[in-house]
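So the chains spell out like this:
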Amino acid sequence: MATLSIRLDNKTKDDFAKFCDTVGMSVSTLFSVFAKTVVREQKIPFEISAKNDAADDDGFYSEANQRYLEKMVALDREGKLHYVTKTMEELEAMAR
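Remember, it's a predicted structure, so these values are computed and weren't measured experimentally.

(A) Layout of the overall build of the chain. When its secondary structure is counted, the chain shows four helices and zero strands. Across the chain, helices and strands are ordered from the amino to the carboxyl terminus as α-α-α-α. Residues classed as buried in the chain amount to 14% of the 96 residues present. Excluding contacts between residues fewer than 6 apart, the proportion of contacts in the chain whose partners are at least 24 apart in sequence is 33%. Total accessible area computed for the chain in this model is approximately 8300 Å², and 56% of it derives from carbon and sulfur atoms.

In structure tokens form, the structure reads like this:
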């Protein structure tokens, strides 16, 4: 198992850790899931854009993100999205 070190400002690090805790994952597990998704799909699993159409800074409400979310909702309604369910033990094992 390799170690990866990244730099984040304290607020982002703390907010990210709180989010991870909220969804029941460690920071390490979530980054592992992200990395495996990038490798499997050979792309970043979300759009990155310099343009922000919303008043807030996070880009969540950008036009591009809203189109993407609408597309995902439509695919879900059509039964075309497949979900993978993992226990905490399985996610932690993946992170190791």
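(B) Spatial organisation of the packing of helix α1 (residues 10-22) against helix α2 (residues 27-41). Packing of α1 against α2 brings their axes to within 9 Å, and their N-to-C directions diverge by 85 degrees. By the criterion of interaxial angle, the relationship of α1 to α2 is roughly perpendicular. Two secondary-structure elements touch here, α1 through F16, A17, F19 and C20 and α2 through V27, L30 and F31. Class assignment for the residues of the contact of α1 with α2 results in seven nonpolar, no polar and no charged.

Definitions and limits used
Within every chain, residues take consecutive numbers counted from 1 along the sequence as written. In view of the model being predicted, local features appear only for residues whose pLDDT reaches at least 70, and side-chain atom pairs are presented and counted only at 80 or more, with totals across whole chains, interfaces and linings using the full set of residues. In computing side-chain properties, one takes all heavy atoms of the structure into account and sets aside hydrogens as well as water. Every helix listed is a DSSP run of H or I at least four residues long, and every strand listed is a run of E at least two residues long, numbered separately from the N terminus. Summary of the burial criterion: residues with accessible area below 20% of their type's maximum are buried, those above 50% are exposed, and those between are partly exposed, where the area comes from a 1.4 Å probe applied to protein chains only. Residue contacts follow a heavy-atom distance rule, with two residues in contact if any of their heavy atoms lie within 4.5 Å. Calculation of accessible area relied on Shrake-Rupley with a 1.4 Å probe; when residues are assessed, cover is drawn exclusively from the protein chains displayed. Under this scheme, a helix contributes an axis fitted over its contacting stretch, all axes are lines through C-alpha atoms, and angles between N-to-C directions fall in the 0 to 180 degree range. What sets the label is the angle itself: under 35 degrees gives roughly parallel, over 145 gives roughly antiparallel, 65 to 115 gives roughly perpendicular, and the rest give oblique. Under the scheme applied here, ten amino acids are nonpolar (Ala, Val, Leu, Ile, Met, Phe, Trp, Tyr, Cys and Pro), four are charged (Asp, Glu, Lys and Arg), and all others, including Gly, are polar.

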